[in-house]
Amino acid sequence: MKVSELISSDGGHWKRDLIFSLFVEEDARQIINLPLSTSRREDVLCWWPEKSGEFSVKSAYHLCLQGKFDKLPGPSRCPDQKIWKLMWNAPVQPRIHNFLWRVIKDILPTRDNLRKKGIQLEDLCPFCHNEQESAQHLFIHCDFAKHCFFASVLCYRLPQELGVMDWLQQALSCGDRFSIQVLYYTLYGIWKASNNLIFRNKAPCEITVAHEAVVAAADFNLCHQETRSRRNQGEDHVHVPLDTHAVQVDAGVFPSGNTTFGCVVKNPEGDVIMAACKREELNVEPAIAEALAIRWCLKMAAKLKLERILVQSDCLNIVECINGVSKLVVADHIAADCRDLFKCFSLASVMFIPRVRNVEAHRLVKFGHSIGSRTWLDGVPDPLSLDVWHEPISF
């Protein structure tokens, strides 16, 4: 059987029923999660670990190294790329990012790591004196850490069966900005309390650690809210050429395995003439989801028989890929489809806009995840006027 026999006659969809009948479920889901190009293109060989698709010894080395460490238990296992993205994107100060990076890499100067370097010292936990001080014990198993998290606004019970890295990846995937911040600052507070006890003989207090974590998160948000307010004063308006419809688009990938698109079409006067959301049983990388959302919006704009459109997305990587500025191998075939769809219009282009200017499409994604695919034509209510839009979302 050829791969082409698993694809629909129009070339745009997998034959799901056939695939699930031929393959085990895990393999079948991996197949249907591969996005297809809607235009007939010749197959090309790409090296997926590189964004350019070209092979490099460096990426091959790191791939082999990751495979080697994946077989090792506990903290020695090599973290996957998802946890790094979650970690570095968290809204905290750089020093807190650096601290958590050291936690995940297991290079904090805990007593077990110091002994590995030949330093002779008492290696028991300074809090409980029951076990060797390691990152695993200090942040998960120690009673002091348990009390700190339970006393915090998170009221969190630490999962004793997980390793530090797996627990952090799970916790950082929750999508709640403030909870992630409190998590970061609580971990940092536990480490600081440990050092204060060792070097200053200062008695630790769980309530203090929990309280200071909330205060630090609130102070950071207040400071950055003022900074964003000053920065956005010049972003109140995005210029759209005359006689051109603005098409704002966004996408979200949810832990449930669904991918949702949101689209808002505005006439040259700035009035919404169409809004739509689409939910698909698809589990892809966020960049691919953004590319698929733009392709979907272009098809809808063509059905509306619009002549001049300006597609606006807050995903810079995909915008640059479609415009030919850069190459992103995982989404390059979708970007090529988008360029082909430009031919349906007398004028079509795609531009980057900041997230603050793409709020309507962004919130449509959350709404679509809840209710499924939906389209509004004529007399579309302003999304920002609906109570449902005011639910906080972050992904």
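Thresholds applied
Residues numbered from 1 in each chain as written. Predicted model: local features only at pLDDT ≥ 70, side-chain atom pairs only at ≥ 80, totals over all residues. Heavy atoms only, no water. Helix = DSSP H or I, 4+ residues; strand = E, 2+ residues; numbered from the N terminus. Buried < 20%, exposed > 50% of the residue type's maximum accessible area, 1.4 Å probe, protein only. Contact = heavy atoms within 4.5 Å. Areas by Shrake-Rupley, 256 points an atom, 1.4 Å probe, with all protein chains shown as cover. Pairing = 2+ DSSP bridges. Axes fitted to C-alpha atoms, helices over the stretch in contact; angles between N-to-C directions. Polar contact = N/O pair within 3.5 Å; in protein donor to acceptor, adjacent residues only side chain to side chain. pLDDT = per-residue confidence, 0-100. Patch = residues over 30% accessible without salt bridge, like charges linked within 9 Å, V, L, I, M, F, W, Y side chains within 5 Å. Salt bridge = Lys/Arg side-chain N within 4 Å of Asp/Glu carboxyl O. Parallel < 35°, antiparallel > 145°, perpendicular 65-115°, else oblique. Left-handed = near helix turned anticlockwise from the far one by under 90°. Nonpolar A, V, L, I, M, F, W, Y, C, P; charged D, E, K, R; others polar. Phe/Tyr/Trp six-rings, centres within 6.5 Å; stacked < 30°, edge-to-face > 60°.

1. Here's the deal with the overall build of the protein chain
Next up, step 1: A count of helical and extended segments in the protein chain gives 15 helices and six strands.
Next up, step 2: For the protein chain, the residues scored as buried account for 42% of the 395 residues in total.
Next up, step 3: Here the contacts in the protein chain between residues at least 6 apart in sequence split such that 62% fall between residues at least 24 apart.
Next up, step 4: Surface summary for the protein chain: the accessible area is close to 21900 Å², and the carbon and sulfur share equals 54%.

2. Concerning the pairing of strand β3 (residues 272-280)
Next up, step 1: The pairing of strand β2 (residues 259-266) with β3 spans eight bridges and is classified as antiparallel. Looking at β3, one finds that phenylalanine 261 is bridged to lysine 278.
Next up, step 2: The loop that links β2 with its antiparallel partner β3 comprises five residues; one of these, glycine 270, has a positive phi angle of about 95°.
Next up, step 3: Looking at chain direction, β3 and strand β6 (residues 374-377) are connected through four bridges and run antiparallel. The partner of alanine 275 across the bridge, within β6, is tryptophan 376.

3. Regarding the sheet that holds strand β5 (residues 347-352)
Hydrogen bonds between backbone groups are what pair the strands of a sheet, and the pairing can be parallel or antiparallel.
Next up, step 1: Taking strand neighbours across the sheet as the criterion, the six strands line up as β5-β4-β1-β2-β3-β6 in an open arrangement whose pairing is mixed. Whereas interior strands pair on both sides, the edge strands pair on one side only; in this sheet they are β5 and β6. Geometrically, the sheet is characterised by an average inter-axis angle of 15° between neighbouring strands, direction not taken into account.
Next up, step 2: Helix α12 (residues 286-303) contacts β1 (245-253), β2, β3, β4 (308-313) and β5 of the sheet and is inclined by roughly 145° relative to β1.
Next up, step 3: In the packing of helix α15 (residues 359-371) onto the sheet, the strands contacted are β1, β2, β3 and β6, and the crossing angle to β2 comes to about 135°.

4. Thoughts on the side chain of aspartate 314
Next up, step 1: Relative to the helices and strands, aspartate 314 resides in the loop between β4 and α13 (316-322).
Next up, step 2: For aspartate 314, a relative accessible area of 14% translates into the label buried.
Next up, step 3: One polar contact links aspartate 314 to arginine 355, side chain to side chain, over a distance of 2.8 Å.
Next up, step 4: Engagement of the side chain of aspartate 314 in a polar contact is seen with the side chain of asparagine 358, the distance being 3.2 Å.
Next up, step 5: When near neighbours in sequence (up to four residues on either side) are disregarded, aspartate 314 contacts Asp250, Glu290, Phe352, Ile353, Pro354, Arg355 and Asn358.

5. Here we look at the confidence of the model for the protein chain
Do not read the fine detail of predicted coordinates wherever pLDDT is low.
Next up, step 1: Looking at the protein chain, pLDDT values average 83 and 87% of them are 70 or higher.
Next up, step 2: Confidence over residues 71-78 falls short of pLDDT 50; this stretch has 11 contacts with residues more than four positions distant or in other chains.
Next up, step 3: Predicted confidence is poor over residues 383-395, with pLDDT under 50, and the contacts of this stretch with residues over four places away or in other chains come to 24 contacts.

6. With respect to a nonpolar patch on the surface
Next up, step 1: A contiguous nonpolar surface patch, about 310 Å² in accessible area, is contributed by Met1, Leu22 and Phe23.
Next up, step 2: Mapping leucine 22 onto the fold places it in helix α1 (residues 16-22).
Next up, step 3: Given a relative accessible area of 45%, leucine 22 falls into the partly exposed group.

7. Quick word on the pattern of salt bridges
Next up, step 1: Per the counting criterion, the structure on display carries 11 salt bridges.
Next up, step 2: Taking the shortest distance from any N to any O, the salt bridge between aspartate 314 and arginine 355 comes out at 2.8 Å. On the criterion of sequence distance, the pair formed by aspartate 314 in the loop between β4 and α13 and arginine 355 in the loop between β5 and α15 is long-range, its members being 41 residues apart.

8. Quick look at unusual backbone geometry
As a rule of thumb, non-glycine residues mostly have phi less than zero, and peptide bonds are mostly trans rather than cis.
Next up, step 1: Residue aspartate 106 is not a glycine yet carries a positive backbone phi of 60°.
Next up, step 2: A relative accessible area of 18% places aspartate 106 in the buried class.
Next up, step 3: Despite not being glycine, asparagine 201 shows a phi value in the positive range, around 55°.
Next up, step 4: Topologically, asparagine 201 is positioned in the loop between α10 (177-200) and α11 (206-231).

9. Side note on the packing of α12 against helix α14 (residues 332-341)
Next up, step 1: Running from N to C, α12 and α14 cross one another at 20°; their axes reach a closest spacing of 9 Å. Judged by the inter-axis angle, α12 sits roughly parallel to α14. In the crossing of α12 with α14, the sense of the turn from one axis to the other is left-handed. Where α12 approaches α14, its residues Ala291, Leu292, Ile294, Arg295, Leu298 and Lys299 are matched on the opposing element by Ile334, Asp337, Cys338 and Leu341.
Next up, step 2: Split by residue class, the contact of α12 with α14 holds seven nonpolar, no polar and three charged.

10. Re the pairing of β4
Each regular strand displays side chains that alternate between the two surfaces of the sheet.
Next up, step 1: The buried fraction of β4 amounts to five of the six residues, a majority that puts the element mostly inside the structure.
Next up, step 2: Of the strand pairs in this sheet, β1 and β4 are connected by five bridges, and their pairing is parallel. Paired with valine 249 across the two strands is serine 313, which belongs to β4.
Next up, step 3: Bridge count between β4 and β5: six bridges; the pairing is parallel.

11. Overview of the packing of aromatic side chains
Next up, step 1: Overall, the coordinates contain seven aromatic pairs when judged by the stated rule.
Next up, step 2: On the basis of an interplanar angle of 80° and a centroid distance of 6.1 Å, the ring pair of phenylalanine 99 and phenylalanine 139 is categorised as edge-to-face. A residue pair is termed long-range when its members are at least 10 positions apart, and phenylalanine 99 in helix α5 (residues 94-105) and phenylalanine 139 in helix α7 (residues 135-141) qualify at 40 residues.
Next up, step 3: Phenylalanine 139 sits in the buried class, given a relative accessible area of 1%.
Next up, step 4: Summarising the aromatic geometry, the rings of phenylalanine 127 and phenylalanine 144 are spaced 4.2 Å apart at their centres and angled 20° between planes, so their arrangement reads as stacked. With a gap of 17 residues between them, phenylalanine 127 in the loop between α6 (111-116) and α7 and phenylalanine 144 in helix α8 (residues 143-151) connect regions that are remote in the sequence. One exposure class covers both phenylalanine 127 and phenylalanine 144, and it is buried.
Next up, step 5: An aromatic cluster is built from Phe99, Phe139 and Tyr188, whose rings are joined through pairwise contacts.

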